[in-house]
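Examination of the molecular architecture
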Amino acid sequence: MNEKDLAAALRQGSETAVALAMNRYARLLWSTAARALGELAAPEDLEEIVADVFVYLWENPEKFDPDRGKLKDWLAAAARSRAVDRRRRLTARAALPLDENTLAEDLGPLDQLLASDTRRALTEAVDALEEPDREIIIRRYYRDEKPRAIARALDLPVKQVENRLYRAKAKLRASLGTAKGDCL
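Report follows, based on the coordinates.

**So, the overall build of the chain**
On a plain count of helices and strands, the chain comes out with 10 helices and 0 strands. Going residue by residue from the N terminus, the α and β elements of the chain occur as α-α-α-α-α-α-α-α-α-α. Counting every position in the chain, which comprises 184 residues, the buried fraction comes to 36%. A separation of at least 24 residues holds for 60% of the contacts in the chain among residues at least 6 apart in sequence. Accessible area of the chain: about 11,100 Å², with a carbon and sulfur share of 50%.

**Regarding helix α3 (residues 43-59)**
The terminal C-alpha atoms of α3 lie 24 Å apart, and with 17 residues this matches the ideal 24 Å at 1.5 Å per residue to within 8%. Of the positions making up α3, those classed as buried are Asp45, Leu46, Ile49, Val50, Val53, Phe54 and Leu57. Buried residues along α3 cover an arc of 165 degrees about the axis, so they all sit on one side. Those residues of α3 that are exposed and aimed more than 90 degrees away from the buried face are Glu44 and Glu59.

**Let's talk about the packing of aromatic side chains**
If you walk through the whole model with that rule in mind, you get 2 aromatic pairs. Seen in terms of ring centroids, Phe64 and Trp74 are 5.8 Å apart; in terms of plane orientation they differ by 55 degrees. Their pairing is tilted. Here Phe64 is found in the loop between α3 and α4 (71-94), whereas its partner Trp74 is found in helix α4, with 10 residues between them in sequence. Phe64 gets classed as buried once you look at its relative accessible area, which sits at 2%. Taken together through their ring pairs, the aromatic side chains of Tyr56, Phe64 and Trp74 make up a single cluster. Against the face of Tyr56 rests Arg82, its NZ or CZ located 4.9 Å from the ring centre. Residue placement shows Arg140 over the ring face of Tyr141; its charged tip is 5.7 Å from the ring centre.

**Brief notes about the environment of Met1**
Inspection of the secondary structure puts Met1 in the segment before α1 (3-11). Look past the residues within four positions of Met1 in its chain and what remains in contact with it is Leu6, Ala9, Leu20 and Arg24.

**Observations concerning the nonpolar core**
Residues Leu10, Leu29, Phe54, Leu57, Leu71 and Leu75 are the most contacted members of the largest nonpolar core, which totals 27 residues. Among the secondary structure elements, those contributing two or more residues to this core are α1, α2 (15-37), α3 and α4. Ignoring sequence-local partners within four residues, the contact set of Leu10 consists of Ala17, Val18, Leu57, Pro61 and Leu71. Core analysis: the next-biggest nonpolar cluster, separate from the first, contains 14 residues, Val126, Leu129, Ile150 and Leu172 among them.

**Remarks on the environment of Ala8**
Position of Ala8 relative to the elements: it lies in helix α1. Residue classification places Ala8 among the partly exposed positions, given a relative accessible area of 37%. Put simply, Ala8 and Glu62 are 54 residues apart on the chain and 9.2 Å apart in space, counted from C-alpha to C-alpha.

About the thresholds
All residue numbers here refer to positions counted from 1 along the written sequence of the relevant chain. Per-residue local features are limited, in this predicted model, to residues with pLDDT of at least 70; the limit for side-chain atom pairs, both in listing and counting, is 80 or more; totals at the level of whole chains, interfaces and linings are taken over all residues. Here the side-chain values reflect all heavy atoms present in the structure, with hydrogen atoms and water set aside. The secondary structure listing takes helices from DSSP runs of H or I that are at least 4 residues long and strands from runs of E that are at least 2 residues long, numbered from the N terminus. Burial status follows relative accessibility: with a 1.4 Å probe on protein chains alone, a residue under 20% of its type maximum counts as buried, one over 50% as exposed, and anything between as partly exposed. In what follows, residue pairs with any heavy atoms lying within 4.5 Å of each other are defined as contacts. Note on areas: Shrake-Rupley, 1.4 Å probe, and residue coverage restricted to the protein chains presented here. Take the residue count of a helix, subtract one, and multiply by 1.5 Å to get its expected span. Directions pointing from the helix axis toward each C-beta atom define the arc. Each Phe, Tyr or Trp ring (for Trp, its six-membered ring) is paired with any other whose centre lies within 6.5 Å, and the angle between the two planes then decides the class: stacked below 30 degrees, edge-to-face above 60, tilted in between. By definition here, charges over rings are those cases where NZ of Lys or CZ of Arg is within 6 Å of the ring centre and within 35 degrees of the ring normal. The set of buried Ala, Val, Leu, Ile, Met, Phe, Trp, Tyr and Cys residues whose side-chain atoms join them within 4.5 Å is what this entry labels a nonpolar core.

Okay, here's the thing in structure tokens:
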């Protein structure tokens with residue numbers, strides 16, 4: 001069955017057409033969603049995304065116009081869109097709440113050197129940063145994530161993460177009044 005016949009059968013509500021589309025394109029949608037989710041790609045999420053796309057096709061066959069493109073491209077775009085949305089939700093859920101204890105717990109040897117007032121000032125200074133700078137600082141220095149992992153998690157270019165780290169550290173130094181060679 002060619003694309004136009006498949007589209008016509010889908011519009012008529014043919015279960016056979018949906019099954020044919022699923023057989024043809026499920027792997028493509030799975031790999032498209034996996035690429036968009038990156039390291040966050042859990043099999044359950046991928047299954048749900050692929051299923052959501054086919055349910056959407058079943059419920060809204062008129063949304064696909066064979067004159068504007070191929071069904072596989074339309075389905076892949078829908079899968080990528082859903083995966084990007086899922087990635088944003090998962091990343092937002094993974095954001096750390098910032099409080100004094102979060103920062104103080106993971107400082108290790110620095111914890112012995114920093115007085116309570118200094119920790120409080122650092123917490124306030126980091127908390128005063130705007131997003132995504134605040135999230136980048138927390139991920140880099142308190143979760144020990146590398147810039148590349150931070151970039152993937154926040155859907156930003158690596159260079160932008162590195163630049164934001166540099167600028168955020170400068171802001172923290174200025175607000176804490178530390179010299180460039182001090183702890184930051």
